[in-house]
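This is what each chain is made of:
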Amino acid sequence: MSTPQLVVHHDKELMAQAAAARLITKIVDAQASRGSASVVLTGGRNGNGLLAALAAAPARDAIDWGRLELWWGDERYLPEGDPERNDTQAREALLDAVPLDPKRVHAMPASDGPHGDDVEAAAAAYAEELARAAGPENHGAVPTFDVLMLGVGPDTHVASLFPELPAVRETERTVVGVHGAPKPPPTRVSLTLPAIRAAREVWLLAAGEDKAQAAAIALSGAGEIQAPAAGARGRARTLWLLDSAAASQLPRSLYPPASS
Ligand SMILES: O=C(O)[C@H](O)[C@@H](O)[C@H](O)[C@H](O)COP(=O)(O)O
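Residues numbered from 1 in each chain as written. Predicted model: local features only at pLDDT ≥ 70, side-chain atom pairs only at ≥ 80, totals over all residues. Heavy atoms only, no water.

Colleague: Explanation requested: the site of the ligand in the structure shown.
Modeller: Arg45, Asp74, His157, Lys183 and Lys211 are the nearest of the 15 residues found near the ligand. Within the contact set of the ligand, an oxygen atom lies 2.9 Å away from a backbone nitrogen or oxygen of Gly43. Within the side chain of Arg188, one N or O atom sits 2.8 Å away from an oxygen atom of the ligand. Surface burial for the ligand is 97%, taken as the share of its 420 Å² of free accessible area covered by protein chains. Counting residues per element, the ones that place at least two in the shell around the ligand are α2 (44–56) and β4 (74–76). (Near = heavy atom within 4 Å. Polar contact = N/O pair within 3.5 Å; in protein donor to acceptor, adjacent residues only side chain to side chain. Areas by Shrake-Rupley, 256 points an atom, 1.4 Å probe, with all protein chains shown as cover. Helix = DSSP H or I, 4+ residues; strand = E, 2+ residues; numbered from the N terminus.)

So this is what it looks like as structure tokens:
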């Protein structure tokens, strides 16, 4: 697993714009070398902020949207179209404005779908969809994601993997149902750490004062059960994208000079 690299931007807006520019380049390079790109989106303010910045980016349409595979790292288990769903918010921030191939947009199941309130069945169905998309060259039961993005919660959660809860302890399955999440809504579907760690690159987004303690804990050697963000590592790269407020409690040895 790759050692975390940090890039610190002056403020939340600049972090979102710089991360969006970074994502455009990553997708364009992947499409140029492999014909398509695979990205895992995250929910929350930082995740949606990045998508909104990408929607407004001048180079946005350098991406061949028809050859972009989109997945989610987690989803609130709510009815399709519910404003609180991560995919609803992603569509509003960006997806509805670009010509994606709907067959390549893999939303997680909704609670009014075929699985009803059986969130474990919904999680298993998404795991099967991931496995179907994985090729022989991939690592196990998920496709090789070019970039997997994760917002970081103030308690160091990523996706819907919360400290000490069963989902963060999962070592076999790629997708699990989550009950009793401390961040509402309580019922969710989430990728697990094994699925996250199959990604080429994992980017963790942390902006705002409320993330400073979480970033310091996760980057100072905490274990992944107590601090799930500490376990979110990519095979080739783990990149923390912070603003100076979120970086303010990092040990000086970790906090590079402000990059902008
Ligand atoms: O379903 C969710 O809420 C997200 O997937 C969650 O993992 C989010 O990324 C973090 O809680 C950070 O959210 P903020 O960026 O809003 O702090």
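Colleague: Explain the packing of α2 against helix α3 (residues 86–93) to me, please; I cannot follow it from the model alone.
Modeller: To characterise two packed helices, one gives the angle between the axes of the helices and the distance between these axes. Where α2 meets α3, the closest approach of the two axes is 8 Å, and the angle between their N-to-C directions is 25 degrees. With respect to α3, the axis of α2 lies roughly parallel. For the crossing formed where α2 meets α3, the hand is right-handed. Across the interface between the two elements, Gly44, Asn48, Leu51, Ala52 and Ala55 from α2 touch Asn86, Gln89, Ala90 and Ala93 from α3. By residue class, the composition of the contact of α2 with α3 is five nonpolar, four polar and no charged. (Axes fitted to C-alpha atoms, helices over the stretch in contact; angles between N-to-C directions. Parallel < 35°, antiparallel > 145°, perpendicular 65-115°, else oblique. Left-handed = near helix turned anticlockwise from the far one by under 90°. Contact = heavy atoms within 4.5 Å. Nonpolar A, V, L, I, M, F, W, Y, C, P; charged D, E, K, R; others polar.)

Colleague: Hey, could you run me through the sheet that holds strand β7 (residues 188–191) in this one?
Modeller: One key point about sheets: their strands pair by backbone hydrogen bonds, in either a parallel or an antiparallel sense. Ordered by their spatial adjacency, three strands build an open sheet running β4-β7-β6, and the pairing between neighbours is antiparallel. Of all the strands in the sheet, the pair left with one neighbour each is β4 and β6 (175–178). Looking at each pair of strands side by side, their axes are set apart by 15 degrees on average, direction ignored. Where β4 meets β7, three bridges bridge the pair, whose relative direction is antiparallel. Note that in β7 the partner of Arg76 across the bridge is Arg188. Strands in contact with helix α4 (residues 119–133) are β6 and β7; relative to β6, the strand with the most contacts, it is inclined by about 160 degrees. (Pairing = 2+ DSSP bridges.)

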